[in-house]
Amino acid sequence: MPVPLLDLRAQHATIRDEVVASMMDVVDSQLFILGAAVEKLEQHVAELSHTKFAVGCASGTDALLLALRAIDAGPGSEVVTSPFTFFATAGTIHNVGAKPVFVDIDPRTFNILPDAAGAARTSRTKAVVPVDLFGQMAAIEDVMKALPGVPLIEDAAQTIGARRSIDGVWRMAGEVAAIGTFSFFPSKNLGGYGDGGMMVTQDEALATRLKRLRMHGGAKQYFHDEVGYNSRLDALQAAVLSAKLPHLAQWSAKRRSNAKFYDAAFADLSDVTTPYVDPANESIYNQYTLRVDRRDDLQNHLKSRGIGSAIYYPLPLHLQPCFAYLGYKQGSCPEAERAAREVLSIPIYPELTEGQMTEVVDAVRSFYGR
Ligand SMILES: Cc1ncc(COP(=O)(O)O)c(C=O)c1O
């Protein structure tokens, strides 16, 4: 039985009527640009994230772009971030005219090393963008301590609804950052039926600026204080997401129980390292990412047995050709480079059956002769 990396149709089948009804409300209202559907989702995402404000936009990439603009990162400034992440994290830093400064990751969590982030600070450091990779939050309180006074933009594209115990209090992804950014790309735990994104903040002035930036920089129509973007969350996407949001906690819990199943099934394999979750974190397992020996051969073996897998990410950002101008070399971020050679993400989506997970486990074990 083939097992895909992700089966969006399996999830859609369980919620089809709710999603279609919600979309049809927007269609019948003919209010497609912002309006009530977007405001409703913004309110619910703010509640989930324990933030005062949430501002929808066109994608997780734009959420980062608008956030960077809102804190005035631009030409002449530097932004410290992780090299082991999806391209958008650094692409947006470049696109606002700032310089990405890459620091290495913690090999256990794949998230930015706070001390390395602190050591990268210069007089030009305008922001730090830790990424909450694969579903668990970065040690953002330590990053803040390492870079006091530097605005923190939390790239929580993969982590909506995840939480971290900070000084004994559960904090949601996006809650303590200057701005937290989410993606509703279809493969995320809360995925739309197309692109979408959102920014959350506790700061009213930042929320006002983000709203302005997503509408061409004008607070009042046809009057522009600054040059912004056309980056609104589509009302139809907001309707889909509002129908899906009440299921998110249960879907993420199922991902956690799937992770437990795999953790136990691989515990005796010395060639396979299962994901490490920082005890302070509750992960939402956007991915279940192994570190393995002979990664590419294992991936081919899984493929031959119909098992989906993916390499997130095969080339760290400091070594991407487009960033050659920054002058990083092989060895600049050794842990990110090692991770890029060893990681393999396997199916973890909530609709997986035990039979499917057993197929995945048997396929991995058979590769290592176990
Ligand atoms: C860590 C990270 N940052 C940013 C993004 C960009 O989000 P989007 O694809 O919605 O533009 C993604 C997802 O694709 C991501 O995983």
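Residues numbered from 1 in each chain as written. Predicted model: local features only at pLDDT ≥ 70, side-chain atom pairs only at ≥ 80, totals over all residues. Heavy atoms only, no water.

An ideal rise of 1.5 Å per residue puts 20 Å on 14 residues; helix H2 (residues 36-49) measures up with 20 Å between its terminal C-alpha atoms. Those residues of H2 not exposed but buried are Ala37, Val38, Leu41, Glu42, Val45, Ala46 and Ser49. Buried positions in H2, seen along its axis, are confined to an arc of 165° and lie on one side of it. Those residues of H2 that are exposed and aimed more than 90 degrees away from the buried face are Ala36 and Glu39. Contact partners of the buried residues in H2: helix H1 (8-29), strand S1 (53-57), strand S7 (169-172), strand S8 (179-183), strand S9 (197-201) and helix H8 (235-244). (Helix = DSSP H or I, 4+ residues; strand = E, 2+ residues; numbered from the N terminus. Expected span 1.5 Å × (residues − 1). Buried < 20%, exposed > 50% of the residue type's maximum accessible area, 1.4 Å probe, protein only. Arc of directions from axis to C-beta. Contact = heavy atoms within 4.5 Å.)

When two helices pack together, their arrangement is given by the angle between the helix axes and by the axis-to-axis distance. As a packed pair, helix H3 (residues 60-70) and helix H4 (residues 88-95) sit with axes 9 Å apart at the nearest point and diverge in direction by 40°. Relative to H4, H3 is oriented oblique. Note on packing geometry: the crossing formed by H3 with H4 is right-handed. The residues of H4 that touch H3, namely those facing Thr61, Leu64, Leu65 and Leu68, are Ala88, Thr89, Thr92, Ile93 and Asn95. Taken together, the residues of the contact of H3 with H4 break down into 5 nonpolar, 4 polar and no charged. (Axes fitted to C-alpha atoms, helices over the stretch in contact; angles between N-to-C directions. Parallel < 35°, antiparallel > 145°, perpendicular 65-115°, else oblique. Left-handed = near helix turned anticlockwise from the far one by under 90°. Nonpolar A, V, L, I, M, F, W, Y, C, P; charged D, E, K, R; others polar.)

Attention now moves to the nonpolar core. Counting residues in each nonpolar core, the largest one holds 41 residues, and the members touching the most others are Leu41, Val80 and Phe184. Within the residue set of this core, elements represented by two or more residues are H2, helix H6 (140-146), S9 and H8. Ignoring any residue separated from it by four or fewer positions in sequence, one finds Val80 in contact with Val101, Val103, Ile112, Ala117, Ala120, Thr125, Ala127, Val128 and Val129. Counting residues in each nonpolar core, the second largest holds 26 residues, with Ala265, Val272, Met357 and Val360 among its members. (Core = buried A, V, L, I, M, F, W, Y, C linked by side-chain atoms within 4.5 Å.)

What follows is about the site of the ligand. Around the ligand, the surrounding shell holds 16 residues, and the nearest of these are Gly60, Thr61, Asp155, Ser183 and Lys188. Between the ligand and the protein, one listed contact pairs an oxygen atom with a side-chain N or O atom of Thr61 at 2.5 Å. Between the ligand and the protein, one listed contact pairs a nitrogen atom with a side-chain N or O atom of Asp155 at 2.8 Å. Burial of the ligand by the surrounding chains reaches 94%, relative to a free accessible area of 380 Å². Those elements giving two or more residues to the shell around the ligand turn out to be H3 and H4. With 3 residues, the single largest contributor to the shell around the ligand is H3. (Near = heavy atom within 4 Å. Polar contact = N/O pair within 3.5 Å; in protein donor to acceptor, adjacent residues only side chain to side chain. Areas by Shrake-Rupley, 256 points an atom, 1.4 Å probe, with all protein chains shown as cover.)

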